[in-house]
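Given next are the chains, with one letter for each unit.
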Amino acid sequence: MEQTTREQFDRMIDRHFRFEAEDDVEGVLSTMVPDVEHDVVGSPTGPLHGRAQARGFYDALFADLSGEKVTSLRRYYGPDFVVDESLWEGTAPGTPFGIPGGGRRLAFRLLHVFDMDQSGLIRRENVWIDLASIMQQLGATPTAATAQEGA
């Protein structure tokens, strides 16, 4: 069995990001194995398993965020994984992460760890989001009292 090349990884991940930017749930799911693990670090639901659970996540995400593009800043490769640091750009028409978006523009960094299966599909997607940047851009910064409590 041949090892997946960087070019094959790049094609699949770029395709995944393109479908996300187009709010295309079916397209996103087509880049994943049926029993995918989808893990957004810090999500109250914890890791999700299977395309049906991932579909619920993406349906909610696409209602809250309208992506325009994801720009990969750096990628690191292993024999069956890719680590991708990206910049997400778009608007927040809904309530992303429980914060009213009001249609405001957003740009924030993401770190993805993709585990790939031998066919080149995504087996596990682990996502780290710059939530502090999102909060700041949407005006949800902690109040002075909250900040002093943490001091």
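Anyway, here's the lowdown on the structure attached to this text. Bear in mind that the values here come from a model prediction, so they are computed numbers and not experimental data. (Residues numbered from 1 in each chain as written. Predicted model: local features only at pLDDT ≥ 70, side-chain atom pairs only at ≥ 80, totals over all residues. Heavy atoms only, no water.)

Going through the model one piece at a time under the given rule, you end up with 13 salt bridges. Measuring nitrogen to oxygen at the nearest pair gives 3.7 Å for the salt bridge that ties Arg124 to Asp39. Taken together, the residues span a long stretch of sequence, with Arg124 in strand S6 (residues 122–129) and Asp39 in strand S1 (residues 32–40) at a distance of 85 residues. Put simply, Asp80 and Arg123 hold a salt bridge, and the shortest N to O gap is 3.7 Å. Of the two residues, Asp80 is situated in the loop between strand S3 (66–77) and strand S4 (81–92) and Arg123 in strand S6; the sequence distance between them amounts to 43 residues. (Salt bridge = Lys/Arg side-chain N within 4 Å of Asp/Glu carboxyl O. Helix = DSSP H or I, 4+ residues; strand = E, 2+ residues; numbered from the N terminus.)

Here the focus is the nonpolar core. In terms of nonpolar packing, the biggest core is built from 30 residues, with Met32, Trp88, Leu106, Phe108 and Met116 touching the most fellow members. For this core, the elements supplying multiple residues, two or more each, are helix H1 (6–21), helix H2 (25–30), S1, helix H3 (50–64), S4, strand S5 (104–116) and S6. (Core = buried A, V, L, I, M, F, W, Y, C linked by side-chain atoms within 4.5 Å. Buried < 20%, exposed > 50% of the residue type's maximum accessible area, 1.4 Å probe, protein only.)

A few words on the packing of aromatic side chains. To describe a pair of aromatic rings, you give the distance between the ring centres and the angle between the ring planes. Scanning all chains against the criterion turns up four aromatic pairs. Where Tyr58 meets Phe62, the ring centres are 5.6 Å apart and the plane angle is 45°; that geometry is what we call tilted. Within this pair, Tyr58 and its partner Phe62 are both found in helix H3, separated by four residues, close to a single helical turn. Both residues of the pair, Tyr58 and Phe62, count as buried. These aromatic residues form a ring-pair network of at least three members: Phe57, Tyr58 and Phe62. (Phe/Tyr/Trp six-rings, centres within 6.5 Å; stacked < 30°, edge-to-face > 60°.)

We now examine the side chain of Asp39. Residue class for Asp39 comes out buried when judged on its relative accessible area of 12%. Among the polar contacts made by the side chain of Asp39, one reaches the side chain of Asn126 at a distance of 3.0 Å. For Asp39, the residues in contact, after removing those within four places along its chain, are Pro47, Arg124, Glu125, Asn126 and Val127. (Polar contact = N/O pair within 3.5 Å; in protein donor to acceptor, adjacent residues only side chain to side chain. Contact = heavy atoms within 4.5 Å.)

Another aspect to go through is the sheet that holds S6. The strand order S2-S1-S6-S5-S4-S3 describes an open sheet built from six strands, whose pairing is mixed. Unpaired on one side and paired on the other, strand S2 (48–49) and S3 mark the two borders of the sheet. Sitting on the sheet, H1 is in contact with S1, S3, S4, S5 and S6, with an inclination near 160° to S3. Packing against the sheet, H3 makes contact with S1, S2, S3, S4 and S6, and its axis sits at approximately 50° to S1. (Pairing = 2+ DSSP bridges. Axes fitted to C-alpha atoms, helices over the stretch in contact; angles between N-to-C directions.)

Summarising the sheet, S3 and S4 pair through 10 bridges and their orientation is antiparallel. Following the sheet pairing, Arg75 is matched in S4 by Asp84. Here S3 hands over to S4 after three residues, the two strands then running antiparallel side by side.

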